[in-house]
Amino acid sequence: DLPPIEDGAPDAPRLFVAAAGMSPGWRRASLLMSTDGGARWEPIGGTAAPATMGTALSVLGEAAPELFDLGGAVEIMLLNAAMTIGDADDPALLGGANLALLGDELIQFGQAEPLGGARWRLSRLLRGRRATESAIATHRAGERFVLIEPSTLARLSPPLAAMGGAVRLMASGVGDLATPAEDAIPAMAGGLRPLAPVRLRATPMADGGFMIGWTRRSRAGWTWSDGGDAPIGEAREAYRLTLQGAGGGGRSVETGPPPR
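In this text the structure is predicted, and so the values were computed from the model without any measurement. Chains are numbered independently. Their residues run from 1 in the order of the written sequence. In view of the model being predicted, local features appear only for residues whose pLDDT reaches at least 70, and side-chain atom pairs are presented and counted only at 80 or more, with totals across whole chains, interfaces and linings using the full set of residues. Hydrogens and water are ignored here; the side-chain numbers use all heavy atoms of the structure.

## A closer look at the sheet that holds strand β11 (residues 166-173)
Our working definition: Here, any two strands with at least 2 DSSP bridges between them count as paired. For the purposes of this entry, the term helix denotes a DSSP run of H or I that reaches at least four residues, the term strand denotes a run of E that reaches at least two, and both are numbered from the N terminus. Fitted lines through C-alpha atoms give the axes, limited to the stretch in contact for helices. The angle between two N-to-C directions lies from 0 to 180 degrees.
Pairing is antiparallel across the open sheet formed by four strands, whose spatial order is β3-β2-β11-β12. The open sheet has two free edges, formed respectively by β3 (42-46) and β12 (181-186), since each of these has just one partner strand. Mean inter-strand twist for the sheet, computed between neighbouring axes without regard to direction, equals 25 degrees. Summarising the sheet, β11 and β12 pair through six bridges and their orientation is antiparallel. When the sheet's bridge partners are listed, Val167 is paired in β12 with Ile185.

## Remarks on the environment of Ala12
Structurally, Ala12 can be placed in the segment before β1 (15-17). Between the C-alpha atom of Ala12 and that of Leu192, which follows or precedes it by 180 residues, the distance is 7.1 Å.

## So, the nonpolar core
Rules: Throughout, nonpolar core names a set of buried Ala, Val, Leu, Ile, Met, Phe, Trp, Tyr and Cys residues whose side chains join them through atoms within 4.5 Å. Throughout, exposure labels follow a simple rule: accessible area from a 1.4 Å probe, protein chains only, divided by the maximum for the residue type, with under 20% read as buried, over 50% as exposed, and the rest as partly exposed. By definition in these notes, contact holds between two residues if any of their heavy atoms fall within 4.5 Å.
Grouped together as the largest cluster of nonpolar side chains are 30 residues, with contacts concentrated most on Ile76, Ile85, Phe109, Leu122, Phe145 and Ile148. Where this core is concerned, the elements lending two or more residues are β4 (53-56), β5 (69-78), β6 (99-102), β7 (105-116), β8 (119-126) and β9 (144-147). Other than its neighbours up to four places away in sequence, Leu122 contacts Gly72, Ala73, Val74, Ile76, Ile85, Phe109, Gln111, Ala112 and Phe145. Within the second largest apolar cluster, 17 residues are counted, among which are Met33, Ala162, Met163 and Ala171.

## Some thoughts on a nonpolar patch on the surface
Short version of the rule: Note that patches include only residues with greater than 30% relative accessible area and no salt bridge, and the join distances are 9 Å for like charges and 5 Å for nonpolar side chains (Val, Leu, Ile, Met, Phe, Trp, Tyr). Accessibility throughout is a Shrake-Rupley quantity obtained with a 1.4 Å probe, and a residue counts as covered only by protein chains that appear here. For this analysis, a salt bridge means a side-chain nitrogen from Lys or Arg found within 4 Å of a carboxyl oxygen belonging to Asp or Glu.
Together, Leu200, Phe210 and Ile212 line one region of the surface with nonpolar side chains, adding up to about 320 Å² of accessible area. Tracing the chain through its elements places Leu200 in strand β13 (residues 198-204). In this structure Leu200 comes out as exposed when scored by relative accessible area, which is 65%.

## Structural notes on unusual backbone geometry
If you check the backbone angles, Asn98 has positive phi at about 55 degrees while not being a glycine. Along the chain, Asn98 falls in the loop between α1 (90-94) and β6. Located in the positive-phi region is Arg199, a residue other than glycine, with phi close to 55 degrees. Within the element layout of this structure, Arg199 appears in strand β13.

## Structural notes on the pattern of salt bridges
Side chains carrying opposite charge are able to pair once their charged atoms draw close together. Under the criterion given, the structure shown has eleven salt bridges. When the shortest N-O distance is used, the salt bridge between Glu182 and Arg168 registers 2.8 Å. One end of the pair, Glu182, is in strand β12; the other, Arg168, is in strand β11, and 14 residues separate them in sequence. The exposure class of Arg168 is partly exposed, given its relative accessible area of 25%. If you follow the salt bridges from partner to partner, you end up with Asp69, Glu105 and Arg127 in one network.

## Let's talk about the sheet that holds β8
With respect to topology, six strands assemble into a closed barrel ordered β4-β5-β8-β7-β6-β9, the strand pairing being antiparallel. Across the sheet, the mean angle separating the axes of adjacent strands is 45 degrees when strand polarity is ignored. Two elements, β4 and β9, share three bridges in a ladder whose sense is antiparallel. Residue pairing across strands places Gly54 opposite Phe145, the latter belonging to β9.

## As for the pairing of strand β15 (residues 239-244)
Strand residues, when the strand is regular, have side chains that alternate between the two faces of the sheet. Of the pairings in the sheet, the one linking β15 to strand β16 (residues 250-255) comprises six bridges and is antiparallel in character. Residue pairing for β16: Gln244 is matched across the bridge by Gly250.

## A closer look at the side chain of Thr52
Counting through the fold element by element, Thr52 comes out in the loop between β3 and β4. Taking relative accessible area as the criterion, Thr52 reaches 11% and is therefore assigned buried. When sequence neighbours within four positions are dropped, the list of residues in contact with Thr52 reads Leu78, Met83, Thr84, Ile85, Phe145, Val146, Leu147 and Glu149.

Listed below in structure tokens is the structure:
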């Protein structure tokens, strides 16, 4: 359940399925979906081309999402030694290259160093991509790694009523073991949720109050273009600002778009 990973804001819930096998000969699997806890299963087609995926062998530390993370690195183990990943220079990274899901954080990596077998060390990182900065501090050993490539992602459109619950998926490939692979995915409509603003700031005023401001982000545009504002990307622009007092009290204020 990813935030928008392509240009444009999705207008319906989407889930992405990446699949691969432990051997290079694995190709595809048939997919079934259940939105009622497994009581009923609906065939929904098949997986896409095999994805480059595996697990983390080390724990990626915290870093700021605004700058290159030059001190951080993570070791990963891909599913089989035939899978490969490559480097990307800075212009390619800024253009979206080497986007990967590590745990729940979307990262980009500029350097991919082979360590032998199916082990790789990823460094020169961009962190918290596509508004996933809240996952920067949640990493652990053994978490998932998936290289995000459009050709290897099967796109699903679960019913809107399933959002907020769990969608169960089952995959069965030719030559797989007797028991199909199965998992439950929390479906929180990540691609539909507006993005939290950034650059929150409070400027003291002469009367003792504060002028509070922020910079919006948009699901409809990820590129910071010079001379232009980010598109709204939503039917309307509104914000909820929560003011928390030092003693624990607080209040919330809803506001519309800022004056132009």
